[in-house]
Amino acid sequence: MMGLMGLLVAESEPSVVAPKSLPQLVPNAACFRCDVCCRFPEADSFLRPYFAGQEIAAAVAHGLPRESFPDESGSQIDLRHDLSGEGYVCPAFDSTTGRCGIYEVRPLDCRLYPLALMWDAACKGVVLGWDTKCPFLRDTASDTIAAYAERVAGELAAEDIVEMLVANPRLIGRFQDDVVIVQLLPQLTARLKKAHPDPRLHPLTPTDAPRFVQALERARLLADDALAAYAFPYHFIWTPVLPYWWIESHETFFLFARSPDGWFMPLLPLGAGPLDDAVSEAFQLMQEWNGPSPVSRIENVMGPQKLALERGGFQFRPKEADYLYSAEALAQLAGDRYKSQRALCNRVEREHAITVEPYRVDHRTGCLALYDLWSSQKLSKGHQSHDSMGRLLLEDAKIAHGRVLAEPERIGLSGTVAVMEGRIIAYTFGYWLTPRTWCVLLEVADRSIAGLAQWLFRDTCRTALNRGAASINAMDDAGLPGLREAKRAYRPRTLIENWVLKG
Ligand code: SF4
């Protein structure tokens, strides 16, 4: 974030450079004598510069590898080993010349340095301070720094910069006690708090997957018969339509979603400590952000946790259960009870020549075309009402599918496509909840081919069984009667209880 970076320029440039609208105080000559900026002692230093999405695009256009950014919508840059010294450097930094290779388009985080935007020690307000690690500022009169900071604070009030800060709250760093506060920024604080009520909130990104997994392990909630919601991709795919945020507090991971009505938790807090304490802390936060609204709730509470929390007086309402099946039974579809599904699979095999391939990104266009066909089939007479809600749900789901199709592996998913006569006629994606349970997250099949969905599902179960699955979790039925009937017809081994903890 804010920190050791920002001032290294080409020799031919004037000594005081003002890229975009931000004034600069430190002369180039001082920067070239200094070895503080753009270098970092650890690879994961929290001072690495943060690039907003548009800044990433500009940096990539100026030659930085796209892979330097874990999340193209906004992220801290990945550092590289400093080949000419110890530690790590920004990949845009040329250690031999001491210059920034993308100086003209370096991010706001770098343009600000040696000033830094951060939260105050109480996390209540955004402040502008100067970094005492900068040798030049250490030798500069305090009234000069104060006047400079005032000018910069004025520039930061420009609407385009405020919008960027609101959209990229990680540009506001955590409090550093070696940064001297020179300006309080109450207006920026108010704008940020409106959008992000707690500065500890982080948007959920693919780089958070390991943190999520570690938190799950700490919480010891995972089992073969856990709800499918206890997995990163289950939530992450919806982030384009429902923003997800997280906070880590007292070694507990709190996942929040922000709906138009307010904040709620799609999962129990994940930590090793007492669950009722963490749940109380979660409700305290949601009530602070939502007021007394009933939107404050925790979804996807499983049976054992519900029992434990009920003893503490917490109240619940039921939510649709997950369907858990025997992988072997669904791979074989043997016996009378699976007669109709087996007949449909046999018909597909008799009438069509279909090949199944692992999903590749070049399948994306064909999958999106199939999604459009499938949703129009669902909306057509006899499948789903034409109501605007059904249409909106399918539009939202298309955005989620688009995210999956763009980078499935990065978010922990793997998928297959079914191809017939060169056209993708079905696709499915899922993930391992545990080494013994495969979750089917998405499944789309051309509805004009009778039995294709059943055939694809059996193929998925066969593949999972061959890879060690004992169980298949097919998620819930979203309260839809047709889906409920279809899922029950596959004879679930268990319906996994699912509860909503009320505020
Ligand atoms: S982008 Fe440029 S100024 Fe910023 S840390 Fe990297 S090399 Fe330094």
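Attention in this report is confined to the structure presented alongside it.

## Thoughts on the overall build of the protein
The secondary structure content of the protein amounts to 17 helices and 25 strands. Every one of the 503 residues in the protein was classed for burial, and the buried ones make up 52%. Partitioning the contacts of the protein with sequence separation of at least 6, the portion at a separation of at least 24 is 69%. Surface accessibility of the protein: about 23,100 Å² in total, with carbon and sulfur atoms responsible for 53%. The protein carries 53 positive and 62 negative side-chain charges, and their two centres are separated by 7 Å.

## Here we look at the packing of helix H13 (residues 339-351) against helix H16 (residues 452-466)
At a minimum axis separation of 8 Å, H13 and H16 run at an interaxial angle of 100 degrees. Judged by the inter-axis angle, H13 sits roughly perpendicular to H16. On the side of H13, the interface is formed by Gln341, Leu344, Cys345, Asn346, Val348 and Glu349, while H16 contributes Leu452, Gln454, Trp455 and Arg458.

## Some points on the packing of aromatic side chains
To describe a pair of aromatic rings, one takes the distance between the centres and the angle between the planes. Taken as a whole, this structure holds 18 aromatic pairs when the rule is applied. Consider the rings of tyrosine 325 and tyrosine 490, whose centres lie 6.4 Å apart with planes at 80 degrees: the pair is edge-to-face. Of the two residues, tyrosine 325 is situated in strand E18 (residues 322-326) and tyrosine 490 in the loop between helix H17 (481-488) and strand E24 (494-496); the sequence distance between them amounts to 165 residues. Across the pair, exposure class does not vary: tyrosine 325 and tyrosine 490 are buried alike.

## Some points on the environment of threonine 144
Within the secondary structure, threonine 144 is located in helix H5 (residues 142-156). We classify threonine 144 as partly exposed; its relative accessible area is 36%. Linking threonine 144 and leucine 25, residues 119 residues apart in sequence, is a C-alpha distance of 9.3 Å.

## A word on the pattern of salt bridges
Applying the stated rule across the entire model yields 17 salt bridges. In this structure, the salt-bridge partner of glutamate 357 is arginine 360, at a minimum N-O distance of 3.4 Å. With a relative accessible area of 24%, glutamate 357 lands in the partly exposed category. Each of Asp131, Lys133 and Asp178 takes part in salt bridges that share partners, so that together they form one network.

## Thoughts on H13
Taking 1.5 Å as the rise per residue, H13 with 13 residues should run 18 Å; its terminal C-alpha atoms sit 18 Å apart, in good agreement. All of the buried residues along H13 are Gln341, Cys345 and Val348. Along the axis of H13, the buried residues cluster in a sector spanning 60 degrees; they form a single face. Of the exposed residues in H13, the ones pointing more than 90 degrees away from its buried face are Lys339 and Arg350. Buried residues in H13 make contact with H16.

## Some words on a nonpolar patch on the surface
Together, Phe175, Ile181 and Leu184 give the surface a local cluster of nonpolar side chains, amounting to about 280 Å² of exposed area. As for its placement among the helices and strands, isoleucine 181 is situated in strand E10 (residues 179-184).

## Details of unusual backbone geometry
With an omega dihedral of 15 degrees, the bond running from tyrosine 113 to proline 114 counts as a cis peptide bond. Backbone geometry at glutamate 421 places phi at a positive 50 degrees, although glycine is not the residue there. Structurally, the position occupied by glutamate 421 is in the loop between strand E20 (414-420) and strand E21 (423-434). Positioned with a positive phi, methionine 475 is a non-glycine residue whose angle comes to about 65 degrees.

## Here we look at the sheet that holds strand E25 (residues 499-502)
Strand order in this open sheet of three strands is E16-E25-E17, and the pairing throughout is antiparallel. Unpaired on one side and paired on the other, strand E16 (297-301) and strand E17 (316-318) mark the two borders of the sheet. On average, each strand axis in the sheet is inclined to that of its neighbour by 25 degrees, with strand direction left out of account. Bridge count between E16 and E25: three bridges; the pairing is antiparallel. Following the sheet pairing, valine 301 is matched in E25 by tryptophan 499. Along the sheet, helix H10 (residues 275-290) contacts E16 and E25; its crossing angle with E16, the most-contacted strand, is approximately 140 degrees.

## Observations regarding the pairing of E18
Counting buried residues in E18 gives four out of five residues, a clear majority hidden from the surface. Relative to E24, E18 runs antiparallel, the two being bridged by three bridges. Counterpart to aspartate 322 in the pairing with E24 is isoleucine 496. Relative to strand E23 (residues 471-473), E18 is paired through three bridges, and the arrangement is antiparallel. Note on E23: the bridge partner recorded for leucine 324 is asparagine 473.

## Let's talk about the sheet that holds strand E5 (residues 88-89)
The strand order E1-E5-E4 describes an open sheet built from three strands, whose pairing is antiparallel. Only two strands of the sheet have a single neighbouring strand rather than two, namely strand E1 (39-40) and strand E4 (80-81). Relative to E5, E4 runs antiparallel, the two sharing two bridges. Counterpart to histidine 81 in the pairing with E5 is tyrosine 88.

## Topic: the packing of helix H6 (residues 159-167) against helix H7 (residues 186-195)
Two numbers describe how H6 lies on H7: the axes approach to 10 Å, and their chain directions differ by 40 degrees. What the angle tells us is that H6 and H7 run oblique. Read as a crossing pair, H6 and H7 show a hand that is right-handed. Where H6 abuts H7, its residues Glu159, Val162, Glu163, Leu165 and Val166 lie against Leu188, Arg191, Leu192 and Ala195. Looking at the contact of H6 with H7, its residues break down into six nonpolar, no polar and three charged.

The rules we used
- Residues numbered from 1 in each chain as written.
- Predicted model: local features only at pLDDT ≥ 70, side-chain atom pairs only at ≥ 80, totals over all residues.
- Heavy atoms only, no water.
- Helix = DSSP H or I, 4+ residues; strand = E, 2+ residues; numbered from the N terminus.
- Buried < 20%, exposed > 50% of the residue type's maximum accessible area, 1.4 Å probe, protein only.
- Contact = heavy atoms within 4.5 Å.
- Areas by Shrake-Rupley, 256 points an atom, 1.4 Å probe, with all protein chains shown as cover.
- Lys, Arg positive; Asp, Glu negative; His and termini not counted.
- Charge placed at Lys NZ, Arg CZ, Asp CG, Glu CD.
- Axes fitted to C-alpha atoms, helices over the stretch in contact; angles between N-to-C directions.
- Parallel < 35°, antiparallel > 145°, perpendicular 65-115°, else oblique.
- Phe/Tyr/Trp six-rings, centres within 6.5 Å; stacked < 30°, edge-to-face > 60°.
- Salt bridge = Lys/Arg side-chain N within 4 Å of Asp/Glu carboxyl O.
- Expected span 1.5 Å × (residues − 1).
- Arc of directions from axis to C-beta.
- Patch = residues over 30% accessible without salt bridge, like charges linked within 9 Å, V, L, I, M, F, W, Y side chains within 5 Å.
- Pairing = 2+ DSSP bridges.
- Left-handed = near helix turned anticlockwise from the far one by under 90°.
- Nonpolar A, V, L, I, M, F, W, Y, C, P; charged D, E, K, R; others polar.

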